[in-house]
Amino acid sequence: MKVLLEKREIREGLRALELSVEDVLNEAIRICEIPAPTFEEAERGRYVAERMRAIGLEEVSTDAVGNVRGTLSGNPDFPTVLVMAHLDTVFGREIPITVRREGEYIYGPGIADNSLAIAAMLQVAQTMHRLPKAERGTLIFVANVGEEGLGDLRGAKHLWQTDGERVDVWVALEGGMLGGAEVQGVGSRRLQISYHTESGHSWVNFGIPSAIHSL
């Protein structure tokens, strides 16, 4: 790390990120106000694809499940890194999305989970684009779908199937982490449980325990 921080390009890149906070927040607001419930991320995905092209990413495309991706080719002697931030939010289209700022605070459905992370990813891509290609490996930036609930990590699973063998490092960005970071593999196990018991309506079948209580 100390050797990296001694490089002028790295110091300049970190400084640029420090100065871009307001840009990231404004970008997060624009992203947040585009509805993107799980399974309906296409509109937000199109916006992210436009931003990737404007930044200068290569091979910007949408894959078979809806993940939006762009690449910065780099030195083949360095690791290939995939940076991802999920597009979808838990809020349905029936929830009005208007983001407001009050002093140092920003309020809006899904602003932290995960609009802020998408905006940060785009800013990282823009900053890394300025670094000489010889100083970095290939970087793949992905706005992935289906992270929440019944999405069952659909986008991330697809990426693992298509890119698992060629990517050396995976980085998942979550806006709600509030500065925290995990530097290890994190698993996700989904279970479906069926429970059968006697129950009844609380009025018609009064006296029989609720299935919820039994469970």
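Here goes a summary of the coordinates provided. Along each chain, numbering runs from 1 in the same order as the chain's sequence is written. Reporting in this predicted model follows two pLDDT cut-offs: at least 70 for local features of residues, and 80 or more for side-chain atom pairs to be given and counted; totals over whole chains, interfaces and linings ignore these cut-offs and use all residues. To obtain the side-chain values, all non-hydrogen atoms of the structure were included, while hydrogens and water were left out.

### Observations regarding the pairing of strand β6 (residues 139–144)
Okay, step 1: Across the 6 residues that make up β6, a large majority, 6, are buried.
Okay, step 2: Here, a strand pair is defined by DSSP locating no fewer than two bridges between the strands. Working definition: helices are DSSP H or I runs of at least four residues, strands are E runs of at least two. Numbering for both runs from the N terminus. Bridge count for strand β2 (residues 68–72) against β6 is 5 bridges, and the pairing is antiparallel. Pairing of leucine 72 across the sheet is with leucine 139, part of β6.
Okay, step 3: For strand β3 (residues 81–86) and β6, the ladder comprises 6 bridges, and the chain directions are parallel. Each residue's exposure class comes from its accessible area (1.4 Å probe, protein chains only) as a fraction of the maximum for that residue type: buried when under 20%, exposed when over 50%, partly exposed otherwise.

### Focus: the side chain of serine 115
Okay, step 1: Structurally, the position occupied by serine 115 is in helix α5 (residues 111–129).
Okay, step 2: Residue class for serine 115 comes out buried when judged on its relative accessible area of 0%.
Okay, step 3: N or O atoms closer than or at 3.5 Å make up a polar contact, with two conditions inside protein: a donor-capable atom paired with an acceptor-capable one, and, for residues adjacent in sequence, both atoms drawn from side chains. Reaching out from serine 115, the side chain makes a polar contact with the backbone nitrogen of cysteine 32 at a distance of 3.5 Å.
Okay, step 4: Not counting the four nearest positions on each side in its chain, serine 115 is found in contact with Ala28, Ile31, Cys32, Arg44 and Gly110. Contacts are assigned to residue pairs with any non-hydrogen atoms lying within 4.5 Å of each other.

### A few points about the packing of helix α3 (residues 21–32) against α5
Okay, step 1: Running from N to C, α3 and α5 point in directions that differ by 125°, and their axes come no closer than 8 Å. One way to sum up the angle between α3 and α5 is to call them oblique. Note that α3 runs across α5; the crossing there is right-handed. Note on element contacts: α5 touches α3 through Ile111, Ser115, Leu116, Ile118, Ala119, Ala120, Leu122 and Gln123, opposite Asp23, Val24, Leu25, Glu27, Ala28, Ile29, Ile31 and Cys32. Whenever a helix is involved, its axis is fitted only over the stretch in contact; in every case the axis is a line through C-alpha atoms, and angles between N-to-C directions fall within 0 to 180 degrees. In these notes the angle categories are as follows: under 35 degrees is roughly parallel, over 145 is roughly antiparallel, 65 to 115 is roughly perpendicular, and the rest is oblique. Two helices cross in a left-handed way if the nearer one is turned anticlockwise from the farther one by less than a right angle. They cross in a right-handed way if the turn is clockwise.

### Quick notes on the pattern of salt bridges
Okay, step 1: A carboxyl oxygen of Asp or Glu within 4 Å of a side-chain nitrogen of Lys or Arg is what we treat as a salt bridge. The tally for this structure, following the rule as stated, stands at 9 salt bridges.
Okay, step 2: Arginine 101 is paired through a salt bridge with glutamate 22; the nearest N and O atoms lie 2.8 Å apart. Remark: glutamate 22 occurs in helix α3 and arginine 101 occurs in strand β4 (residues 100–102); sequence separation between them is 79 residues.
Okay, step 3: The class for arginine 101 is partly exposed, based on a relative accessible area of 38%.
Okay, step 4: Its salt-bridge partner being aspartate 163, residue arginine 166 comes within 3.0 Å of it at the nearest N-O pair.
Okay, step 5: Taking relative accessible area as the criterion, aspartate 163 reaches 3% and is therefore assigned buried.
Okay, step 6: Each of Glu27, Arg30 and Arg51 takes part in salt bridges that share partners, so that together they form one network.

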